[in-house]
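Letter by letter, the chains look like this.
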Amino acid sequence: MTQRPPTPRPLPPGAYLEGAPNFRDLGGYGVPGLGRVRHGKLFRSDVLSQLTDPDLDKLAPLGIRLVMDLRMPEERHKEQNRWPAGHPVDTVTFDARPAMAEAQATRWRDLVAAGQLSGKEARGMMFGVYRRMPRSLASDLTVLFERLDTQEPPTTLIHCTAGKDRSGFVCAMLLWSLGVPMETILEDYLITGQRRPPERFAAERLAGLVDTLTEEGFAVLKAFAMVDEDYLATAFEQIRADFGSVDAYLEALCGLDGARRERLRAKLID
């Protein structure tokens, strides 16, 4: 599959966050025949532990009331989210997902430092992670759809650490459920490569290690840290192989039947 350049998208005024460069609004994407995903209701992000005080001031007026934190317990313990004081938020976490261990940035550091992988092997590991995502993250999606299926869906933020793999898959499924075309879903996924390029990840997460990496070590790092359209496509391919279609998967494992889908579209599309 050919990599396409991501299309930059505007954020709500003043919503760009210095400490979470991958924070962005999922609103504005077109849904054929229905309209556009509502602005200011669904957000995605990377980790929130590095938010600055000005970032918190920008977050406060967005009215976010539900945070879907897709990280593992050790990740949450190491980097605790910051949040604006006086703006209570309900944070949902998920702990029993051993199949997602290789999606953790802390695990990437260990594997890169060990120097026992080739770039090809690391890329293969990432394809394996994405093949496991549909079943491993089904419970996350089930909760997300349930929480959004209310009279007034809470303004929601979905995030993990880099905001690219786990968040990338969950947001792709959310956009699909609303009727956003696949091409647009891939464009949204690829924007993370602008916001958190592998080089930035290396500078932030592998400080003290980067200078010692061999050429092959850099290839391993790139395979883990890059945003690759083929990664996400692999998850979709696995869904179709196991369930026949994405819609069948969402209904069978994630509780998104036709009636719930229509209710979500009515509330989240303008």
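What counts as what
Residues numbered from 1 in each chain as written. Predicted model: local features only at pLDDT ≥ 70, side-chain atom pairs only at ≥ 80, totals over all residues. Heavy atoms only, no water. Helix = DSSP H or I, 4+ residues; strand = E, 2+ residues; numbered from the N terminus. Buried < 20%, exposed > 50% of the residue type's maximum accessible area, 1.4 Å probe, protein only. Areas by Shrake-Rupley, 256 points an atom, 1.4 Å probe, with all protein chains shown as cover. Salt bridge = Lys/Arg side-chain N within 4 Å of Asp/Glu carboxyl O. Phe/Tyr/Trp six-rings, centres within 6.5 Å; stacked < 30°, edge-to-face > 60°. Axes fitted to C-alpha atoms, helices over the stretch in contact; angles between N-to-C directions. Parallel < 35°, antiparallel > 145°, perpendicular 65-115°, else oblique. Left-handed = near helix turned anticlockwise from the far one by under 90°. Contact = heavy atoms within 4.5 Å. Nonpolar A, V, L, I, M, F, W, Y, C, P; charged D, E, K, R; others polar. Core = buried A, V, L, I, M, F, W, Y, C linked by side-chain atoms within 4.5 Å.

Asker: So what's going on with the overall build of the protein chain? Residues and values would help.
Answerer: In terms of helices and strands, the protein chain carries 12 helices and 7 strands. Counting the 270 residues in the protein chain, one finds 55% classified as buried. For the protein chain, the accessible surface area stands at approximately 11,400 Å², while carbon and sulfur atoms represent 52% of it.

Asker: Could you give an account of the pattern of salt bridges, naming the residues involved and the relevant values?
Answerer: Two side chains of opposite charge can pair, provided their charged atoms sit close to one another. One pass over the structure, following the stated rule, counts 17 salt bridges. Between Arg82 and Asp53 there is a salt bridge, with its nearest N and O atoms 3.0 Å apart. Of the two residues, Arg82 sits in the loop between α2 (73-78) and β6 (90-93) while Asp53 sits in helix α1 (residues 53-59), which places them 29 residues apart along the sequence. In this structure, Arg263 and Asp149 form a salt bridge, with 2.7 Å as the shortest nitrogen-oxygen distance. Placement of Arg263 in helix α12 (residues 258-268) and of Asp149 in the loop between α5 (138-148) and β7 (156-159) is noted, with a sequence separation of 114 residues between them. Taken together, the shared-partner salt bridges connect Arg24, Arg44 and Asp188 into one network.

Asker: Give a detailed account of the packing of aromatic side chains, specifying residues and quantitative values.
Answerer: The final tally for this structure, using the stated rule, is 6 aromatic pairs. Note on Phe23 and Phe43: the rings are 5.3 Å apart at their centroids and 15° apart in plane angle, and the pair reads as stacked. Of this pair, Phe23 sits in the segment before β1 (24-25) while Phe43 is found in strand β4 (residues 42-45), placing the two residues 20 residues apart along the sequence. Of the residues examined, Phe23 reaches a relative accessible area of 0% and is grouped as buried. An angle of 55° between the planes, with centres 5.8 Å apart, marks the rings of Trp176 and Phe236 as tilted. Of this pair, Trp176 sits in helix α6 (residues 166-178) while Phe236 sits in helix α10 (residues 229-243), placing them 60 residues apart in sequence.

Asker: Outline the packing of α6 against α10, supporting the account with residue identities and numerical values.
Answerer: Relative orientation of the contacting elements α6 and α10 amounts to 60°, with a least axis distance of 10 Å. It follows that α6 is oblique to α10 by the angle criterion. At the point where α6 passes α10, the crossing takes the right-handed sense. Between α6, through Gly168, Phe169, Ala172, Met173 and Trp176, and α10, the contact on the second element is made entirely by Leu232, Ala235, Phe236, Ile239 and Arg240. When the residues that make up the contact of α6 with α10 are grouped by side-chain class, the tally is 8 nonpolar, 1 polar and 1 charged.

Asker: Lay out the environment of Leu117 in plain terms, naming residues and giving numbers.
Answerer: Topologically, Leu117 is positioned in the loop between α3 (105-114) and α4 (119-136). Residue class for Leu117 comes out partly exposed when judged on its relative accessible area of 21%. Sequence-wise, Leu117 and Glu216 are 99 residues apart; in three dimensions their C-alpha atoms are separated by 8.3 Å. With sequence-adjacent residues up to four places away left out, Leu117 is seen in contact with Leu111, Met125, Glu216, Val220 and Phe224.

Asker: Run through the nonpolar core, naming residues and quoting values.
Answerer: Proteins that are soluble and globular tend to have nonpolar side chains buried together. One finds Leu141, Phe169, Met173, Tyr249 and Leu250 to be the most contacted residues of the largest nonpolar core, which totals 63 residues. If you tally residues by element for this core, the top one is α6, at 9 residues. Not counting residues up to four positions away in its chain, the partners in contact with Phe169 are Met133, Pro134, Leu137, Leu141, Leu232, Ala235, Ile239 and Tyr249. Among the nonpolar cores identified, the runner-up in size contains 12 residues, and Leu51, Leu59, Leu62 and Val67 belong to it.

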